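The residues making up each chain are set out below.
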Amino acid sequence: MKQVMIAVLVAMSVGACAPVGGGGGPITVGGMADGFIGFLTPESTIPGRSGTTQYRRELYTVSLTAGMPVTLLMCRTSVERFDPYLAIHGPVGPMDNVETNDDSAGDYNSRLIYTPMTTGVHTIYATTFSSFSSNSNNGAYRLTVTAGANPTATCPAI
Ligand SMILES: [Ca+2]
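Let us look at the structure shown here. Here the structure is a predicted model, which is why all the values come from computation and not from measurement.

## Things to note about the environment of Ala147
- Mapped onto the elements, Ala147 comes out in strand β10 (residues 139–147).
- Each C-alpha atom, one on Ala147 and one on Ile113, is 9.8 Å from the other, the two residues being 34 residues apart in sequence.
- When neighbours within four sequence positions are excluded, Ala147 is seen to be in contact with Val29, Gly30 and Val70.

Below, the structure written as C-alpha cells:
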C-alpha cells in the first residue's frame, strides 16, 4: 500500500510539472508547449513538403486573426541529435496558406513568421527535417507562438 501511495504521489508531481499543451493540442498566441518527438509519435505527410514521406509530428491548433502576423519558434531543448521542422496551415485544410521552415532560428531550430489570410483555427505541425527510417532524429522541443513578426527571434542555448 505504501508503494502504491508513493507511485501516486510521483505521478501527481510529474503531472504538476508538465507544461500545458505539451505533446500537441491547443496553444494560444503568447503561449508555449513542451513536446517530444519519439518512437511513439504519430506520423503523417507534412503540408508543404513534397512527396508521400511520413514524418513523426505533434499537432497543435491555434486561433489566429487574418492579417495579424505571429512568430512561431520550435527550439530543441534536449542535447540529442534533433532537427526541428515547422509547418502551419489555415482553417480550410492542409493546402490553405501553408508555410514551412527548417532552420531559420539557427542550430537546426525553426522560426516561421506567418500572416494568416483567414481568421480561424490554424494547424501547426511540430515535426523534424528527417523521416524516421533511421530512428536517429528524436528529441524534446519547445514550441512558442508570439504576436507580431519577429525576424530575429532565436532559441535559448542548450
Ligand atoms: Ca531544422
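From this point, the discussion proceeds with the structure in view.
## A closer look at the sheet that holds strand β2 (residues 32–37)
- Ordered by their spatial adjacency, 4 strands build an open sheet running β2-β10-β5-β8, and the pairing between neighbours is antiparallel. Looking at the sheet topology across the chains shown, the edges are occupied by β2 and β8 (110–114). Strand-to-strand twist across the sheet, computed as the mean angle between neighbouring axes with direction ignored, equals 20°.
- Pairing analysis gives 5 bridges linking strand β5 (residues 70–76) to β8, with the strands arranged antiparallel. Paired with Val70 across the bridge in β8 is Tyr114.

Criteria and thresholds
- Every chain's residues receive numbers from 1 upward, in the order its sequence appears when written.
- Totals for whole chains, interfaces and linings use all residues, but because this is a predicted model, local features are given only for residues with pLDDT of at least 70 and pairs of side-chain atoms are given and counted only at 80 or more.
- Put simply, DSSP H or I for four residues or longer makes a helix, DSSP E for two residues or longer makes a strand, and each gets a number counted from the N terminus.
- We call two residues in contact whenever the C-beta atoms placed from their backbones are within 7 Å.
- We treat two strands as partners when DSSP finds at least two bridges between them.
- Fitted lines through C-alpha atoms give the axes, limited to the stretch in contact for helices. The angle between two N-to-C directions lies from 0 to 180 degrees.

These results come straight from atomic positions and should not be treated as a statement about function.
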